[in-house]
Amino acid sequence: MKRAQAGAFTAAVLALLLSASHASAADSTSAAQDQIRAELEKWTRDFNSGAVSEVCSLFAPDLISNFRGEPEDTYNSLCANLQMALADPAKAYHYDLEIKEIIVSGDVGVVRLVWTLKVRPKNGLEDTKREPGLDIFRRQPDGSWKISRYMAYEAPYP
């Protein structure tokens, strides 16, 4: 009888440990999703406010990006393009962010999203473009989440 009770106790403790481990992993995943969402929202605010010094903070040093069949960008080329756009006095830019899904597994996060870019020339009509994309985040050595790969394209107008 004692052997059966010991076996039942061991099984109960094991089940508790496994459920605690599962809950801990779920909490960790949820926290990572929240951190990634916060990074994207911060970048949107920084970009829209014209914070040239902050506009590269979302991207990892090993960034490779593809947009609508254009040549690949690296961290340096993308940052230079973003900073140049924000410094252009002839145009105003504004991004809206729509997050469709965030999936996290270990140190990798994948985000399906749509950026809506509004470009307003100082003496012209506003042009709006929807840009669906897929961003791949990696947890960095300092614990932050940065985009290391992304693909996006300009959606056709309906």
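All residue numbers refer to position in the chain's written sequence, counted from 1. Totals for whole chains, interfaces and linings use every residue, but because this is a predicted model, local features are given only for residues with pLDDT of at least 70 and side-chain atom pairs only at 80 or more, for both listing and counting. The basis for every side-chain value is the complete set of non-hydrogen atoms in the structure, without hydrogens or water.

### A few points about the side chain of Ser65
And step 1. As for its position among the elements, Ser65 is in strand S1 (residues 59-67).
And step 2. The criterion used for residue contact is that any of the two residues' heavy atoms lie within 4.5 Å. The residues touching Ser65, leaving out its near neighbours within four places in the chain, are Pro71, Glu72, Asp73 and Tyr150. A helix here means a DSSP run of H or I that spans at least four residues, while a strand means a run of E at least two residues long, and both kinds are numbered starting from the N terminus.

### What about the nonpolar core?
Side chains of nonpolar character tend, in soluble globular proteins, to be buried together.
And step 1. Take the buried Ala, Val, Leu, Ile, Met, Phe, Trp, Tyr and Cys residues and link them wherever side-chain atoms come within 4.5 Å; each set so joined is a nonpolar core. Throughout, exposure labels follow a simple rule: accessible area from a 1.4 Å probe, protein chains only, divided by the maximum for the residue type, with under 20% read as buried, over 50% as exposed, and the rest as partly exposed. In this structure, Ile36, Leu40, Trp43, Phe47, Phe59 and Phe137 are the most contacted members of the largest nonpolar core, which totals 30 residues.
And step 2. Sequence-distant contacts of Phe59, that is, excluding residues within four places in its chain, are made with Trp43, Tyr75, Leu78, Leu82, Lys146, Ile147 and Tyr150.

### Notes on the pattern of salt bridges
And step 1. Salt bridge, as applied in this entry: a Lys or Arg side-chain nitrogen positioned within 4 Å of an Asp or Glu carboxyl oxygen. One pass over the full model with this rule turns up 13 salt bridges.
And step 2. Lys118 serves as the salt-bridge partner of Asp96, at 3.4 Å between the closest nitrogen and oxygen. Here Lys118 lies in strand S4 (residues 108-121) and Asp96 lies in strand S3 (residues 91-105), a separation of 22 residues in the sequence.
And step 3. We classify Asp96 as partly exposed; its relative accessible area is 30%.
And step 4. Taking the relative accessible area as the measure of exposure, Lys118 reaches 26% and is therefore partly exposed.
And step 5. In this structure, the salt-bridge partner of Glu101 is Arg112, at a minimum N-O distance of 2.8 Å. Here Arg112 lies in strand S4 and Glu101 lies in strand S3, a separation of 11 residues in the sequence.
And step 6. Relative accessible area serves as the criterion here: at 41%, Arg112 is assigned to the partly exposed category.
And step 7. Put simply, Lys42, Asp46 and Glu54 are held in one network by salt bridges that share partners.

### A short note on the pairing of S1
And step 1. Pairing between S1 and strand S6 (residues 145-152): 5 bridges, direction parallel. Note that in S6 the partner of Phe59 across the bridge is Ile147.
And step 2. Between any two strands, at least two bridges found by DSSP are needed for them to pair. As paired strands, S1 and strand S2 (residues 73-74) are joined by 2 bridges and run antiparallel to one another. Looking at S2, one finds that Ser65 is bridged to Asp73.
And step 3. In sequence, S1 turns back onto S2 through a hairpin of 5 residues, with Arg68 there showing a positive phi of about 45°.

### Looking at the pairing of S4
And step 1. Sheet analysis places S3 next to S4, joined by 14 bridges and oriented antiparallel. Following the sheet pairing, Ile99 is matched in S4 by Leu113.
And step 2. Linking S3 to S4, which pair antiparallel, is a turn of 2 residues; within it Gly106 sits at a positive phi near 65°.
And step 3. Taken together, the 12 bridges between S4 and strand S5 (residues 127-139) define a ladder with antiparallel strand orientation. Following the sheet pairing, Val114 is matched in S5 by Pro132.
And step 4. Counting the residues that bridge the hairpin from S4 to S5 gives 5 residues.

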